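Topology and contacts: notes
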Amino acid sequence: MMKKPIIEVKDVCVKYSENTILENITFDVYEGEILVIVGGSGCGKSVLLKQITGLEMPTSGDVKIHGENLTNANDEIKRKIQKKFGILFQSSGLFASMTLAENIALLLESFTDLTEDEISDIIDIKLSAVGLDGYRNYLPSEISGGMKKRAALARALALDPDILFFDEPSSGLDPVTAASLDNLIKNLNESLGMTMVVVSHDLASIGNIAHRVILLDKEAKGIIATGTAEEMKRNRENEKVYNFFNRIAN
Amino acid sequence: MLISNKHLSLIKDEILSSKSQRAGTYFNISFSEREIVLTFAEPITLDNSEYYGIDALIKLINDKIEILTCDFSNIKHYDSYLILLINNLKELSKSKRLAINLIGVTPKMAKFIELFGKEQSAEINNIISTGFWENYFSHIGQLTLTGLTDVKLFIEFLGEIISKFFSLFIHPGKMRWKEFPFHLTKSGVNAVPIVFLIVFLIGMISGYQGAMQLRQVGADIYIADLIGISITRELAPLMTAILVAGRSGSAFAAELGTMKVSDEIDALKSMGFDHIHFLILPRIIAVMFAMPFLVMLANFAGILGGMLAALSTLELTMVGYLNEMQTALSFGDVFSGLIKSIVFGFLVSSIGCFRGLQVHGGAESVGKYTTAAVVTGVLTIIVADAIFTLIFQSLGI
Ligand SMILES: Nc1ncnc2c1ncn2[C@@H]1O[C@H](COP(=O)(O)OP(=O)(O)OP(=O)(O)O)[C@@H](O)[C@H]1O
Ligand SMILES: [Mg+2]
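Residues numbered from 1 in each chain as written. Chains lettered and ligands numbered in written order. Predicted model: local features only at pLDDT ≥ 70, side-chain atom pairs only at ≥ 80, totals over all residues. Heavy atoms only, no water.

This part takes up the overall build of chain A. When helices and strands are tallied, chain A shows nine helices and ten strands. The C-alpha atoms of chain A give a radius of gyration of 18 Å, which matches the 18 Å a tight globule of 250 residues would have. A total of 250 residues make up chain A; the buried ones form 50% of that total. Expressed as a percentage of contacts within chain A between residues at least 6 apart in sequence, the contacts between residues at least 24 apart total 62%. For chain A, the accessible surface area stands at approximately 11700 Å², while carbon and sulfur atoms represent 48% of it. Placing the 27 positive and 36 negative side-chain charges of chain A at their respective mean positions leaves the two points 5 Å apart. (Helix = DSSP H or I, 4+ residues; strand = E, 2+ residues; numbered from the N terminus. Rg over C-alpha atoms; globule rule 2.2 N^0.38 Å. Buried < 20%, exposed > 50% of the residue type's maximum accessible area, 1.4 Å probe, protein only. Contact = heavy atoms within 4.5 Å. Areas by Shrake-Rupley, 256 points an atom, 1.4 Å probe, with all protein chains shown as cover. Lys, Arg positive; Asp, Glu negative; His and termini not counted. Charge placed at Lys NZ, Arg CZ, Asp CG, Glu CD.)

Secondary structure assignment for chain B yields 14 helices and four strands. For chain B, buried positions account for 45% of its 397 residues. Considering only contacts in chain B between residues 6 or more positions apart, those separated by 24 or more positions represent 83%.

As a further point, take the domain arrangement of chain A. Residue and element names in this part refer to chain A. The domain boundaries assigned to chain A delineate domain 1 (1-15 + 34-84 + 162-249) and domain 2 (96-160). Contact with domain 1, which involves 13 residues of that partner, is made by eleven residues of domain 2. Together, the buried faces of domain 1 and domain 2 total about 930 Å²; carbon and sulfur atoms form 76% of this surface. Contact with domain 2 buries area across many residues of domain 1, yet K83, L164 and L184 alone supply 40% of it, more than any other trio. Linking domain 1 to domain 2 there are zero salt bridges. Partitioned by chemical class, the residues of the side of domain 1 that touches domain 2 number eight nonpolar, two polar and three charged. (Domains from an automatic or database assignment. Buried area = accessible area lost by both parts, 1.4 Å probe. Salt bridge = Lys/Arg side-chain N within 4 Å of Asp/Glu carboxyl O. Nonpolar A, V, L, I, M, F, W, Y, C, P; charged D, E, K, R; others polar.)

So, about the interface of chain B and chain A. Listed by partner, the interface residues are 16 residues for chain B and 20 residues for chain A. Here chain B packs against chain A, burying approximately 1600 Å² in sum over the two surfaces, 60% of which is carbon and sulfur. Here chain B and chain A share one salt bridge between them. Along the contact surface separating chain B from chain A lie four residue pairs in polar contact (both at pLDDT 80 or more). Broken down by element, the residue count for the side of chain B that touches chain A peaks at six residues, all from helix α10 (residues 264-270) of chain B. Looking at the side of chain B that touches chain A residue by residue, the classes come out as six nonpolar, three polar and seven charged. (Polar contact = N/O pair within 3.5 Å; in protein donor to acceptor, adjacent residues only side chain to side chain.)

All names here are of chain A. With antiparallel pairing, four strands are arranged side by side in an open sheet as β2-β1-β4-β5. At either margin of the open sheet sits one strand with a lone partner, and together these are β2 (19-30) and β5 (68-69). Here two bridges tie strand β4 (residues 60-65) to β5, and the two strands are oriented antiparallel to one another. Directly across from K64, in β5, lies its bridge partner N69. Its contacts with the sheet place helix α1 (residues 45-52) against β1 (5-16), β2 and β4, and it is angled at close to 120° to β1. (Pairing = 2+ DSSP bridges. Axes fitted to C-alpha atoms, helices over the stretch in contact; angles between N-to-C directions.)

Right, let's get into the sheet that holds strand β9 (residues 212-217) of chain A. What links the strands of a sheet is backbone hydrogen bonding, and the strands pair in either a parallel or an antiparallel sense. Residue and element names in this part refer to chain A. Taken together, the six strands give an open sheet; going across it, the order is β6-β7-β8-β3-β9-β10, and neighbouring strands pair in mixed fashion. Of all the strands in the sheet, just β6 (85-88) and β10 (222-227) have a single pairing partner and so form its edges. Neighbour-to-neighbour, the strand axes of this sheet turn through a mean angle of 15°, independent of strand direction. With five bridges joining them, strand β7 (residues 163-167) and strand β8 (residues 195-199) adopt parallel strand pairing. By the bridge assignment for β8, F165 is matched with V197. Where helix α5 (residues 145-156) meets the sheet, its contacts fall on β6 and β7, and the angle it forms with β6 comes to roughly 170°. Lying over the sheet, helix α6 (residues 175-192) contacts β3 (34-39), β7 and β8, oriented at roughly 155° with respect to β8.

Okay, the nonpolar core next. In this structure, A:L153, A:L164, A:M196, B:F157, B:I223, B:I280 and B:Y321 are the most contacted members of the largest nonpolar core, which totals 113 residues. When residues of this core are assigned to their parent elements, the largest contribution, 16 residues, is made by helix α11 (residues 275-313) of chain B. Excluding anything up to four places from it in sequence, B:Y321 contacts B:I223, B:A224, B:I227, B:I303, B:G306, B:M307, B:A310 and B:L316. Within the second largest apolar cluster, 32 residues are counted, among which are A:V29, A:C43, A:L55 and A:I163. (Core = buried A, V, L, I, M, F, W, Y, C linked by side-chain atoms within 4.5 Å.)

Another point: the layout of surface pockets. In this model, the largest pocket occupies a volume close to 1900 Å³. A:E56, B:K260, B:K269, B:L357 and B:V359 are the residues nearest the centre of the largest pocket, which is lined by 48 residues in total. The element that contributes the greatest number of residues to the lining of the largest pocket is helix α6 (residues 132-170) of chain B, accounting for seven residues. Taken together, the residues of the lining of the largest pocket break down into 19 nonpolar, twelve polar and 17 charged. (1 Å grid on protein atoms, 1.4 Å probe; cavity = no way out; pocket = protein on both sides within 12 Å on 5 of 7 lines; lining within 4 Å. Points joined across faces, edges and corners; volume = space filled by probe spheres on them.)

This part covers a nonpolar patch on the surface. All names here are of chain B. A cluster of nonpolar side chains, L379, V383, I387, I391, L395 and I397, forms an exposed patch at the surface whose accessible area comes to about 540 Å². In this structure, I391 sits in helix α14 (residues 363-395). Since its relative accessible area comes to 39%, I391 is described here as partly exposed. (Patch = residues over 30% accessible without salt bridge, like charges linked within 9 Å, V, L, I, M, F, W, Y side chains within 5 Å.)

All right, on to the coordination of the magnesium ion (ligand 2) then. All names here are of chain A. Those donors, S46 (OG) and Q90 (OE1), are the protein atoms that reach the magnesium ion (ligand 2), and they lie 1.9 to 2.3 Å from it. A residue pair is termed long-range when its members are at least 10 positions apart, and S46 in helix α1 and Q90 in the loop between β6 and α3 (100-111) qualify at 44 residues. A relative accessible area of 26% places S46 in the partly exposed class. (Donors = N, O, S within 2.8 Å, 3.2 Å for Na, K, Ca; no water.)

Let's shift gears to α11(B). Residues and elements named next belong to chain B. Spanning 39 residues, α11 covers 55 Å between terminal C-alpha atoms, matching the ideal 57 Å at 1.5 Å per step. L281 marks the point of greatest bend in α11, at about 40°, and the proline P282 comes within the next four residues. In terms of residue burial, α11 counts as a mostly covered element, since 28 of its 39 residues are buried. The opening residue of α11, the one whose side-chain oxygen lies 2.7 Å from the backbone nitrogen of I276, is D274. (Expected span 1.5 Å × (residues − 1). Bend = angle between axes of the 7 residues up to and from the residue.)

The tally for this structure, following the rule as stated, stands at two cavities of 30 Å³ or more. In this model, the largest cavity occupies a volume close to 130 Å³. Every residue lining the largest cavity is counted, 14 residues in all, and those nearest its centre are A:F85, A:G86, A:L107, A:A156 and B:M271. When residues of the lining of the largest cavity are traced back to their parent elements, those giving at least two are β6 and α5 of chain A together with α10 of chain B. Considering every element that reaches the lining of the largest cavity, the biggest residue donor is β6(A), with three residues.

Now the structure itself:
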């Protein structure tokens, strides 16, 4: 069934000047899967996400999306690949000088031939999907942190991407809002078959949404375990894995 | 007794006198042949911190002494100062090869010591132990390296901007023209009053200074030559560029830096937009476009300021001044100033954008690079001006 890799990450290494952050990262993401990347603070999750989405070039290694190599693609091809996915950044990344509607409209105006009325309708649909009806004309600075996350999700959904990347969607959200975001992620995945790559610390949310989990470790500079959330929780062989998923301090 | 009673009382006096200047806690010393016992008194807190006489204590320690015992059984109030104290005592005991012995530590206190009392002293020692000169030279080396890397990165950035700029001739729609009038207003129109005022005053000041000198040799009329040429060739373009560096260069760095910190630039790139076309070019083109107009205005302001100064101090009429100005000024004077201003505008705005994109980490980095944008901007303008002077001279303009 869902065994077709849509993202292939192979031997990715990342170095900032002499400082190695990640080494030999290899994994696949399959179509229609929700893959959660977890790991301690500062282990390189956001950095890894930047490599996968082509925002930064890995020092070595390859990233393929839909079979197309992103790492050595020229700008043109890169843009074409990037248009197929949406990203929710750790600090939302909404354009501060534009209203929520303009944030979403920017993509639709630039990459579709829709009329103004159609665009306006789509904005309403996306905003209400994330529970932000009536906030079209607010600036990002006029809404709360949790609302910003949801608005950014609405923007990420603007072009109906087939892959969504999330960097810590539930951080800074209250449990109820976080749970509703989880539901939204699950619904999008189930109804549209969107592939999701989620960076998260939130164990409750991981148990809720993850099909598969990858654990990164700062010392190992790479993946130290892969499996379902349940498997990780019962992993008695590797103390680090067990501690992480059972919330035990080292 | 290893130490004579007289010696001991001297040392005790020393400890007590150092303490008497600051009210606070103290400790009692008692010692036997092999052991020094310090009994601390309440409280050991930061706001009540006290010189504990550790330096004086060192004098008490000799080869025979093996144990340093610290008694905390009287202590009920303590905070981080306790950690500081224990770290100091530990270091002391290490350097003197003493066994340190803490007694009267309640379980609560032990937990506190464990929580905060991690050994960081090794690292701190390392930092302190590198000599001043070593630090000094390695600092200079590091600054040079960063400077050179910045230059290299800036040249790469310029290359990218220029190639993207020329690609506009093929695909003009790539740039976000919507932003252009906005930046033109902000960097150009809004700069008019300050540019006018500053260059007007500069013209007036150099008018006064020049008039003083020219009057002595009776060459009053040449004030027009002096003002006209210095303003149009040098002062107007230079002052305008410096003002624009302060207004727009810094603003660009701060705006782009903030966008970088809040992931906006990454978001833009990930949506398939080119941040150079989208954010940088509208700003740079707006400044380059505005600069010659600002400089023309500045020329007018400077000549006007110089005229007011000249008329009020010299035997000169307005018509005489303006007539002389017309004969003195050549097309090349004004033209070279305008050409310079476009290049200055390009440099200032691209440095502002470059510094903004260098921001990484958090908000404090935005401030740092905003400052850098102005400093580098002004420096680069002056260097470029010197180069221009050489070029124009050799071309005879
Ligand atoms: N541009 C950069 N230059 C140099 N070092 C960087 C850069 N970006 C990230 N790092 C370093 O890479 C490491 C990993 O950072 P990253 O942001 O990926 O952490 P993270 O796993 O996302 O942590 P968190 O959960 O706190 O968001 C950090 O030590 C950071 O200092
Ligand atoms: Mg992160």
